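What follows is the residue order along each chain.
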Amino acid sequence: CNAEGHAVAVWNQSDGEYHYIWAARYAPGAGWSISEQLEDNIGNAFGPHAAINSDGNIMVMWYQDDGTYSNVWVCSFTVGVGWGEPQLLQVYPVSDAFDPQVAIDDLGNAIAVWTQFNGQHDNIWANRFVADIGWGAAICIQANQATQAGDPKIMMDANGNAVAHWVQCD
């Protein structure tokens, strides 16, 4: 939730066969929205993480199995517009990605981080969203990619200053 009282709830829910990502929004004076399914039914989806800014704009990330690999996806909600289409975020969709985290500032810019397997080790990747432009290119933000890393977290203030941290084996 944010200081203005807007909130978002995200979860994965099974229909008995597959797991899907769902979200509901809370707006002061209006209450909770009807729950909406965010992802596009391409495989089991898990680990949703959401961020909301002062205007009530939302970014939701999750990882989803495509039958071969686990991929990191994002979907955004813009007040007055609604939910956008889910987007694949990782640069190498030929290895497993998981542990998604996202943060959003008051201008609608966002930063996403996740763990991705490079064939030998799990590494920490990030991508930046610039409002009115979109997502950039994903990059590995871990200096030593030859060691195991995981459990990334991202924090961003209202002005877009951000810090990422993770656990890394030495």
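This section reports on the structure supplied with the text. (Residues numbered from 1 in each chain as written. Predicted model: local features only at pLDDT ≥ 70, side-chain atom pairs only at ≥ 80, totals over all residues. Heavy atoms only, no water.)

### So, the nonpolar core
Judged by nonpolar contacts, the single largest core of 17 residues is most densely connected at Met 59, Met 61, Leu 89, Trp 114 and Trp 135. Mapped onto this core, the elements with two or more residues apiece are β6 (58-65), β7 (70-78), β10 (97-104), β11 (110-117) and β12 (122-130). Grouped together as the second largest cluster of nonpolar side chains are 13 residues, Ala 23, Ile 52, Trp 73 and Trp 83 included. (Core = buried A, V, L, I, M, F, W, Y, C linked by side-chain atoms within 4.5 Å. Buried < 20%, exposed > 50% of the residue type's maximum accessible area, 1.4 Å probe, protein only. Helix = DSSP H or I, 4+ residues; strand = E, 2+ residues; numbered from the N terminus.)

### Some remarks on the pairing of strand β15 (residues 149-156)
Here β15 runs beside strand β16 (residues 162-168); their pairing, made up of six bridges, is antiparallel. By the bridge assignment for β16, Lys 153 is matched with His 165. Counting the residues that bridge the hairpin from β15 to β16 gives five residues, and of these Gly 160 lies at a positive phi of roughly 95 degrees. (Pairing = 2+ DSSP bridges.)

### As for the environment of Pro 152
Of note, Pro 152 is situated in strand β15. Through-space distance from the C-alpha of Pro 152 to that of Trp 125 is 8.8 Å; in sequence the pair is 27 residues apart. Those residues in contact with Pro 152 that lie beyond four places of it in its chain are Asp 99, Gln 101, Val 113, Trp 114, Thr 115, Ile 124, His 165 and Trp 166. (Contact = heavy atoms within 4.5 Å.)

### Overview of the pattern of salt bridges
Across all of its chains, the model carries one salt bridge by this definition. The partner of Lys 153 in a salt bridge is Asp 151, with the nearest N and O atoms 2.8 Å apart. Judged by relative accessible area, Asp 151 falls into the partly exposed class, the value being 40%. (Salt bridge = Lys/Arg side-chain N within 4 Å of Asp/Glu carboxyl O.)

### Topic: the packing of aromatic side chains
Taken as a whole and assessed by the stated rule, the structure comprises five aromatic pairs. A ring pair is formed by Phe 46 and Tyr 63, whose centres lie 6.1 Å apart and whose planes are at 40 degrees; its orientation type is tilted. With a gap of 17 residues between them, Phe 46 in strand β5 (residues 45-52) and Tyr 63 in strand β6 connect regions that are remote in the sequence. The exposure class of Phe 46 is partly exposed, given its relative accessible area of 27%. Under the relative-accessibility criterion, Tyr 63 is labelled partly exposed at 26%. (Phe/Tyr/Trp six-rings, centres within 6.5 Å; stacked < 30°, edge-to-face > 60°.)

### Some words on unusual backbone geometry
Despite not being glycine, Asp 99 has its phi angle at roughly 60 degrees, a positive value. With respect to the element layout, Asp 99 can be found in strand β10. One non-glycine residue with positive phi stands out, namely Asp 132, at about 70 degrees. Assessed through its relative accessible area of 85%, Asp 132 is described here as exposed.

### Examining the side chain of Gln 142
Examined against the element boundaries, Gln 142 turns out to sit in the loop between β14 (139-140) and β15. Since its relative accessible area comes to 2%, Gln 142 is described here as buried. A polar contact is formed between the side chain of Gln 142 and the side chain of Asn 123, at a distance of 3.2 Å. Of the polar contacts made by the side chain of Gln 142, one reaches the backbone oxygen of Asn 144; its length is 2.7 Å. (Polar contact = N/O pair within 3.5 Å; in protein donor to acceptor, adjacent residues only side chain to side chain.)

### A closer look at the side chain of Glu 39
In this structure, Glu 39 sits in the loop between β4 (36-37) and β5. Buried charge Glu 39 goes without a salt bridge, the closest partner of opposite sign being Arg 25 at 16 Å. Separated by 3.4 Å, the side chains of Glu 39 and Gln 37 make a polar contact. A distance of 3.2 Å separates polar atoms of two side chains, one belonging to Glu 39 and the other to Gln 64. Residues contacting Glu 39, with those up to four places away along its chain left out, are His 19, Tyr 20, Ile 21, Ala 45, Trp 62, Gln 64 and Pro 86. (Lys, Arg positive; Asp, Glu negative; His and termini not counted.)

### Notes on the pairing of strand β1 (residues 7-14)
For β1 and strand β2 (residues 19-27), the ladder comprises eight bridges, and the chain directions are antiparallel. Following the sheet pairing, Trp 11 is matched in β2 by Trp 22. Between β1 and β2, which pair antiparallel and follow one another directly, the connecting turn spans four residues, one of which, Gly 16, has a positive phi of 100 degrees.

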